[in-house]
Amino acid sequence: MKVLAIDTSTFVMGIAVVDGQVVKGEIITNLKKNHSIRVMPAIESLLQECDMSPKEIERIVVAKGPGSYTGVRIGVTIAKTLAWTLGISLIGVSSLEAMAASAKYFQGLIVPLMDARRGQIYTGLYKAEGGNIQSIVADQVILATDWANELKAYDEPILLVGNDSSLHEASFIQTLNRAVQVASFTLHNPRPSELAWLGMHREPEDIHTFVPNYIRLAEAEANWLARQQERTEC
């Protein structure tokens, strides 16, 4: 199966083309640049380098969030448009699961995380089983300090993964001491080929109803809903 994987859920832009068990090509950048003007040229360039036409792609896998609201929307919109235009299947995979997959050979628990501001993080708990990734605790948004305390219940080594790990590692080290490690910086960028691998054998989404998983509303949306609620109660 020929798979195109797209991840724009963080500053990292990842595009991969996978053909069966072969990674034909990957593009990964970790830059504070606008994904909206870079993703399609990157896809086109990578397909050309791989001597593959869009019509040969059989499945699109996209990181569906959580992460940057704008970034997630860009990736999902492009993936849905391509899948519908080409008439192929679309798979959404957790952005945190894709991040955890970079450390799938770690012997312990994997904690991918993204900064969510005000001391909060997007995170989940994953475990590697025979090179596969298993979700132990569903993705959530939580205070880093609270999450560190919850992780004390697990008697296993813990690995923090993600470019925002350095922003919160002190909270985890203070609470978990030697039980927690921070992954090498070379593992922090989620690999789009891992994203393709995760979505290769999953059931397709309905293209028209598929939406990102933000976990929480954007602040502007939350404030708007609160104002509407106040007006209803008046």
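The model shown is predicted, which means the values in this text are computed figures rather than measured ones.

### Observations concerning the sheet that holds strand E1 (residues 2-7)
Taking strand neighbours across the sheet as the criterion, the five strands line up as E3-E2-E1-E4-E5 in an open arrangement whose pairing is mixed. Edge positions in the open sheet fall to strand E3 (22-30) and strand E5 (89-93), since each of these has one partner strand only. Ignoring which end each strand starts from, the neighbouring axes of this sheet average 15 degrees apart. Against the sheet, helix H1 (residues 39-49) makes contact with E1, strand E2 (12-19) and E3, and its axis sits at roughly 30 degrees relative to E2, the strand it touches most.

### So, the pairing of strand E6 (residues 109-117)
A regular strand places its side chains on the two faces of the sheet in alternate fashion. Buried residues dominate E6, accounting for seven of its nine residues. Looking at chain direction, E6 and strand E7 (residues 120-129) are connected through six bridges and run antiparallel. Considered in E7, the bridge of Leu-113 is made with Thr-123. When E6 meets strand E9 (residues 158-161), the two strands line up parallel, connected through four bridges. Note that in E9 the partner of Pro-112 across the bridge is Val-161.

### Regarding the environment of Gly-131
Counting through the fold element by element, Gly-131 comes out in the loop between E7 and strand E8 (132-143). When its relative accessible area of 11% is taken as the criterion, Gly-131 is described as buried. The sequence separation of Gly-131 and Phe-106 amounts to 25 residues, and the corresponding C-alpha distance is 9.1 Å. Once you skip the residues sitting within four places of it in the chain, Gly-131 turns out to touch Lys-104, Tyr-105 and Trp-197.

### Topic: unusual backbone geometry
Glycine aside, negative phi is the norm for most residues, and most peptide bonds take the trans geometry. The step from Gly-65 to Pro-66 runs through a cis peptide bond, and the omega angle for that step is 5 degrees. In the Ramachandran plot, Asp-51 falls in the positive-phi region, its phi being about 55 degrees despite a non-glycine side chain. Along the polypeptide, Asp-51 turns up in the loop between H1 and strand E4 (59-63).

### Description of the nonpolar core
Counting residues in each nonpolar core, the largest one holds 57 residues, and the members touching the most others are Leu-4, Ile-6, Ile-43, Ile-60 and Ile-110. With eight residues, the top contributor of residues to this core is helix H2 (residues 69-86). Filtering out sequence-adjacent residues up to four positions away, Ile-60 remains in contact with Leu-4, Ile-6, Ala-79, Leu-82, Ala-83, Ile-88, Ser-89, Leu-90 and Ile-91. The next biggest cluster of nonpolar side chains, apart from the first, holds 15 residues, and it includes Leu-109, Ile-142, Ala-144 and Trp-147.

### Comments concerning the layout of surface pockets
If you add up the space inside the largest pocket, you get close to 800 Å³. Lining the largest pocket are 32 residues, and of these Gly-67, Ser-68, Tyr-69, Asp-115 and Arg-117 lie nearest its centre. Of all elements in the fold, only H2 and E6 reach the threshold of two or more residues within the lining of the largest pocket. Of the residues belonging to the lining of the largest pocket, the class tally is twelve nonpolar, eleven polar and nine charged. Considering only enclosed or pocket space, the second largest pocket measures out at about 150 Å³ in volume. The element contributing the most residues to the lining of the second largest pocket is helix H6 (residues 192-199), with three residues. Class assignment for the residues of the lining of the second largest pocket results in five nonpolar, four polar and one charged.

About the cut-offs
- Residues numbered from 1 in each chain as written.
- Predicted model: local features only at pLDDT ≥ 70, side-chain atom pairs only at ≥ 80, totals over all residues.
- Heavy atoms only, no water.
- Pairing = 2+ DSSP bridges.
- Helix = DSSP H or I, 4+ residues; strand = E, 2+ residues; numbered from the N terminus.
- Axes fitted to C-alpha atoms, helices over the stretch in contact; angles between N-to-C directions.
- Contact = heavy atoms within 4.5 Å.
- Buried < 20%, exposed > 50% of the residue type's maximum accessible area, 1.4 Å probe, protein only.
- Core = buried A, V, L, I, M, F, W, Y, C linked by side-chain atoms within 4.5 Å.
- 1 Å grid on protein atoms, 1.4 Å probe; cavity = no way out; pocket = protein on both sides within 12 Å on 5 of 7 lines; lining within 4 Å.
- Points joined across faces, edges and corners; volume = space filled by probe spheres on them.
- Nonpolar A, V, L, I, M, F, W, Y, C, P; charged D, E, K, R; others polar.

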